[in-house]
Amino acid sequence: MLLARFPRVSLCELPTPVHLMPRFGAAVGHDKLYIKRDDLTGLATGGNKARKLEFLLGEALEQGADVILTESFAQSNHCRQTAAACARLGLDCVLVFASVEPEMYQANLLLDHLAGARLVFAGEISLKERNRILNQEAKQLEQAGRRPYVIPFGGSVPRGALAYVDATLELMRQCDERRIDVRHIVICKGTGGTAAGVAATSAMLGKLFELHVVAVEGEGGLDHMRAEIIDIADELLRILGRRPLVPVADTFTLYDNYLGAGYSIPTQEGIAAIRTLASTEGIFLGPVHAGKGVAGLSDLVRRGSIPPSEAALFWHTGGVTELFVRPELFQPERRGQG
Ligand SMILES: Cc1ncc(COP(=O)(O)O)c(C=O)c1O
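Conventions and cut-offs
- Residues numbered from 1 in each chain as written.
- Predicted model: local features only at pLDDT ≥ 70, side-chain atom pairs only at ≥ 80, totals over all residues.
- Helix = DSSP H or I, 4+ residues; strand = E, 2+ residues; numbered from the N terminus.
- Rg over C-alpha atoms; globule rule 2.2 N^0.38 Å.
- Buried ≥ 20, exposed ≤ 12 C-beta atoms within 10 Å, placed from the backbone.
- Contact = placed C-beta atoms within 7 Å.
- Pairing = 2+ DSSP bridges.
- Right-handed = clockwise from strand over helix to strand, strands pointing away.
- Near = placed C-beta within 6 Å.
- Expected span 1.5 Å × (residues − 1).
- Core = buried A, V, L, I, M, F, W, Y, C linked by C-beta atoms within 7 Å.
- Domains from an automatic or database assignment.
- Axes fitted to C-alpha atoms, helices over the stretch in contact; angles between N-to-C directions.

### So, the overall build of the protein chain
When helices and strands are counted, the protein chain shows 10 helices and 10 strands. Relative to a compact globule of 338 residues, whose C-alpha radius of gyration would be 20 Å, the protein chain shows 20 Å and is just as compact. Every one of the 338 residues in the protein chain was classed for burial, and the buried ones make up 48%. Contacts spanning at least 24 positions in sequence make up 79% of the contacts within the protein chain whose residues lie at least 6 apart.

This is the structure:
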């Protein structure tokens, strides 16, 4: 009901599953660890962006758009899902990358290409410059008689983040039905829209859980990133016409200590988390996003911030294709020759 007035197009298989991770829990010393499988949203290997695209492309179709443009780096999960969604809906897709064109397309980039997106490699430029090129592409298309719709970086505008209000309500229903009292949720933050949707819902409902947000990019530092989440969440509450029962700022803790040297640079802890989750539960994480998230979850359990008596849930936001960008990180140890 809350979201019924926002145009939406169906792209995901919902609800995504929630289940216990008994063998992973035993490995990290917590027997009430759950996972929400947004890696199984069903669009182009899954992930959180498919949910956002339901609302963004819903708006685009309502406006009569016939070509979708968005921007990121060449191995973006957001771009992969946008390209696939456009293919499914019969829309043209233009992706602007702040990257040089690689000799060999692989992982997400290969999928973007297969889905028929037009790829614009703008070189190693600033985000501001990339945004300028994106808008210029949109303008040229408009002048040629097309109807472009531009999705900003990561789809992290309030319209896209509405999807994580919907997703959090979905999770709360699943927990109610199953009588799971989730006290802690751990989720990754890139551009911030996903965490903002969860935080806004928590603020609206009076803080039902502790939200632990693991930053996987560190642009601007902790205060800036916190403000990004709060701004999107406040705007979400405004467009929903809801007053928060607790301030958004009080609903989450943001961590930058699982990021390592920066966005898309793998950490030892993230790689270890990927190996452990894969070998205990058969669930795959990528080194750019969810691997660092599960490293954060494991550390919070170890430190007692997530005590063994309180159920916790990792919100898996996808990104399995990241594994195929850096396969050398996961090769078996081989004995020396001779
Ligand atoms: C797999 C994965 N997890 C988490 C995130 C973070 O989502 P957001 O950009 O909404 O913070 C992203 C996007 O960057 C992602 O691709």
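Following the structure, the description resumes.
### So, the pairing of strand 3 (residues 67–72)
A large share of strand 3 lies buried, amounting to six of its six residues. Every second residue of strand 3 is oriented toward a common face, with Val-67, Leu-69 and Glu-71 on one face and Ile-68, Thr-70 and Ser-72 on the other, all of them buried. The pairing of strand 3 with strand 4 (residues 92–97) spans six bridges and is parallel. In the sheet register, Thr-70 faces strand 4, and the bridge partner there is Leu-95. As for the winding sense of the linkage, the β-α-β connection from strand 3 through helix 3 (residues 77–89) to strand 4 is right-handed. With four bridges joining them, strand 3 and strand 6 (residues 148–151) adopt parallel strand pairing. In the strand pairing of strand 6, Leu-69 is matched with Val-150.

### Re the site of the ligand
Taken together, 19 residues form the shell around the ligand, and within it Asn-77, Gly-190, Thr-194, Thr-317 and Gly-319 come nearest. Every element with two or more residues in the shell around the ligand is listed here: helix 3, strand 7 (182–189) and helix 7 (193–205). Counting residues per element, the shell around the ligand draws most heavily on helix 7, which supplies three residues.

### Brief notes about helix 3
For helix 3, with 13 residues, the first-to-last C-alpha span of 18 Å sits near the 18 Å given by 1.5 Å per residue. The element helix 3 is largely enclosed, with a buried count of 10 among its 13 residues. In the core, the buried residues of helix 3 are packed alongside helix 2 (48–62), strand 3, strand 4, helix 4 (107–114) and strand 6.

### Re the nonpolar core
Counting 92 residues, the largest nonpolar core has Ala-199, Ala-200, Ile-229 and Ala-233 as its most contacted members. Each of domain 1 (18–47 + 157–330) and domain 2 (64–146) gives at least three residues to this core. Sequence-distant contacts of Ile-229, defined by excluding residues within four places in its chain, comprise Lys-189, Gly-192, Ala-195, Ala-196, Ala-199, Val-213 and Phe-252.

### Here we look at the environment of Thr-41
As for its position among the elements, Thr-41 is in the loop between strand 2 (33–37) and helix 2. Put simply, Thr-41 and Phe-24 are 17 residues apart on the chain and 22 Å apart in space, counted from C-alpha to C-alpha. Those residues in contact with Thr-41 that sit more than four places away from it in its chain are Cys-12, Glu-13, Thr-16, Gly-46, Gly-47, Ala-50 and Arg-51.

### Some thoughts on the environment of His-212
Relative to the helices and strands, His-212 resides in strand 8 (residues 210–215). If sequence neighbours within four positions are ignored, His-212 has contacts with His-184, Ile-185, Val-186, Thr-253, Tyr-255, Gly-296 and Leu-300.

### So, the sheet that holds strand 5 (residues 118–121)
The strand order across the open sheet built from four strands is 5-4-3-6, with neighbouring strands paired in parallel fashion. Sheet topology places strand 5 and strand 6 at the edges, where each strand pairs with a single neighbour. Strand-to-strand twist in this sheet, taken as the mean axis angle between neighbours without regard to direction, amounts to 20 degrees. Its contacts with the sheet put helix 5 (residues 127–143) on strand 3, strand 4, strand 5 and strand 6, and the angle it makes with strand 3 is roughly 170 degrees.

### What to know about the pairing of strand 4
Each regular strand shows side chains that alternate between the opposite faces of the sheet. A large share of strand 4 lies buried, amounting to five of its six residues. Note: strand 4 against strand 5, four bridges, orientation parallel. Looking across to strand 5, one finds that Leu-95 is bridged to Leu-119. Running through helix 4, the crossover from strand 4 to the neighbouring parallel element strand 5 is right-handed.

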